[in-house]
Each structure stands twice: as structure tokens, then as C-alpha cells.
Amino acid sequence: MVVVVLTACPAGLRGYLTRWLLEISPGIFVGHVTSRVRDLLWMQVVDLAKDGRALMVHSVRGEQRLAFRVHRHDWTPTDFDGIELMMRPTEPTIGAGGMRHGWSKASRYRKSQRSKVKKNE
């Protein structure tokens, strides 16, 4: 069993994959092909993807019975005690992520309006 997920890839690649796999949703292909065809498909995906991203999940022998291949994807396959998992990139901390410090504009506006009302009383 093979599952291929494409993101921002050319239409020609999608057309190529429909020769071998079924497109069950835009950019998601599923099928059952031999390992030789699977490897050739992956080589074509890497060649034709250009700036797009691709992810392949396929069945293999072993305890987990599946393996991952990625091309230009943020998530990376990582072996964790014999189990292959997809590791997400770490999120930046709140302070370093470009968040502004201090009060928001709306909060400052409300505060200024409250002070104007108190002055008028």
C-alpha cells in the first residue's frame, strides 16, 4: 500500500501519479504497487516536485509495517526506540516569535477613554 501527499506541486506531477495511483482527494494519492514501481514513482516525484512538498507512506516488513519518505517537508521521520515517527519542527518561543511587548492598541484606547470620562466628571 502506498500513500502520496503532494502540496504546491505542478499539475503534471499529479497527472503522472494518476497513471499508477488513485487520487482520492486533491493532492492525495493511494494505491498498491510493487516496490520497484514505488521507488521509481518516488524518484519521479522528487524530480518533478520542484518547489512543492511531497510525503510518501508505504508498507514494509517489520513491527510498525510502514515507512515514510519526505521531500522538502517541515516534518522529518525520526527513529524513536525502533518506531519511526514524524517529528514536527519546534515552535518559536513567544518572546522570540516577533510578538510585541506591552499593551495592545485597543487596550490603550480604552484606557484613554476611561481617563477622559474621569476628567469630565
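Definitions and limits used
Residues numbered from 1 in each chain as written. Predicted model: local features only at pLDDT ≥ 70, side-chain atom pairs only at ≥ 80, totals over all residues. Heavy atoms only, no water. Pairing = 2+ DSSP bridges. Helix = DSSP H or I, 4+ residues; strand = E, 2+ residues; numbered from the N terminus. Axes fitted to C-alpha atoms, helices over the stretch in contact; angles between N-to-C directions. Patch = residues over 30% accessible without salt bridge, like charges linked within 9 Å, V, L, I, M, F, W, Y side chains within 5 Å. Areas by Shrake-Rupley, 256 points an atom, 1.4 Å probe, with all protein chains shown as cover. Salt bridge = Lys/Arg side-chain N within 4 Å of Asp/Glu carboxyl O. Buried < 20%, exposed > 50% of the residue type's maximum accessible area, 1.4 Å probe, protein only. Expected span 1.5 Å × (residues − 1). Arc of directions from axis to C-beta. Contact = heavy atoms within 4.5 Å.

> Just checking my understanding: could you explain the sheet that holds strand 4 (residues 53-58) for this structure?
Strands pair in a sheet through their backbones, by hydrogen bonds, and they do so in one of two ways: parallel or antiparallel. Ordered by their spatial adjacency, five strands build an open sheet running 2-3-1-4-5, and the pairing between neighbours is antiparallel. Of all the strands in the sheet, the pair left with one neighbour each is strand 2 (22-25) and strand 5 (67-71). For this sheet, the mean inter-axis angle between neighbouring strands, taken without regard to orientation, is 20 degrees. Strand direction decides the pairing type here: strand 1 (residues 2-7) and strand 3 (residues 28-31), joined by four bridges, are antiparallel. Among the inter-strand pairings, V4 is bridged to a residue of strand 3, identified as F29.

> Please explain a nonpolar patch on the surface as it appears in this structure.
On the surface, F80, I83 and L85 cluster together to form a nonpolar patch covering roughly 290 Å² of accessible area. Along the chain, I83 turns up in strand 7 (residues 83-87). We classify I83 as partly exposed; its relative accessible area is 40%.

> How should I be thinking about the pairing of strand 3 in this particular structure?
Each regular strand carries side chains that alternate between the two faces of the sheet. Looking at chain direction, strand 2 and strand 3 are connected through three bridges and run antiparallel. Following the sheet pairing, E23 is matched in strand 3 by F29.

> Looking at this structure, how should I read the pattern of salt bridges?
For side chains bearing opposite charge, pairing can occur when the charged atoms are close. On inspection of all chains with the given rule, the structure shows four salt bridges. For E23, the salt bridge is made with R14, and the minimal N-O distance between the two is 2.6 Å. One network of salt bridges, in which partners are shared, links R38, D39 and R69.

> In this structure, what is going on with helix 2 (residues 35-48)? I would like to understand it.
Every α-helical turn comprises 3.6 residues, leaving residues that sit three or four positions apart pointing alike. When the terminal C-alpha atoms of helix 2 are compared, their 20 Å separation across 14 residues agrees well with the 20 Å that a helix rising 1.5 Å per residue should span. Three or more residues of helix 2 are buried, namely V37, R38, L41, W42 and V45. An end-on view of helix 2 places all buried positions within 140 degrees of arc, on one side of the element. Across from the buried face of helix 2, at angles greater than 90 degrees, the exposed residues are R36 and D47. Packing partners of the buried residues in helix 2 comprise strand 1, helix 1 (11-17), strand 4 and strand 5. Of the residues flanking the end of helix 2, it is K50, one or two places downstream, whose phi is positive at about 55 degrees.

> Sorry, what's going on with the pairing of strand 7 here?
Judged from the five bridges that link them, strand 6 (residues 76-80) and strand 7 form a sheet pairing that is antiparallel. If you follow T78 over to strand 7, its bridge partner there is L85. With antiparallel pairing between neighbouring strands as the criterion, strand 6 and strand 7 make up a hairpin whose turn holds two residues, including D81 at a positive phi of roughly 55 degrees.

> Mind showing me how you'd approach unusual backbone geometry here?
Most of the time, phi is negative for any residue but glycine, and the peptide bond is trans. Located in the positive-phi region is R72, a residue other than glycine, with phi close to 55 degrees. One can find R72 in the loop between strand 5 and strand 6. On the basis of relative accessible area, R72 is assigned to the exposed category, the value being 51%. Its identity as a non-glycine residue notwithstanding, D81 has a phi of 55 degrees, on the positive side. Mapped onto the elements, D81 comes out in the loop between strand 6 and strand 7. Assessed through its relative accessible area of 71%, D81 is described here as exposed.

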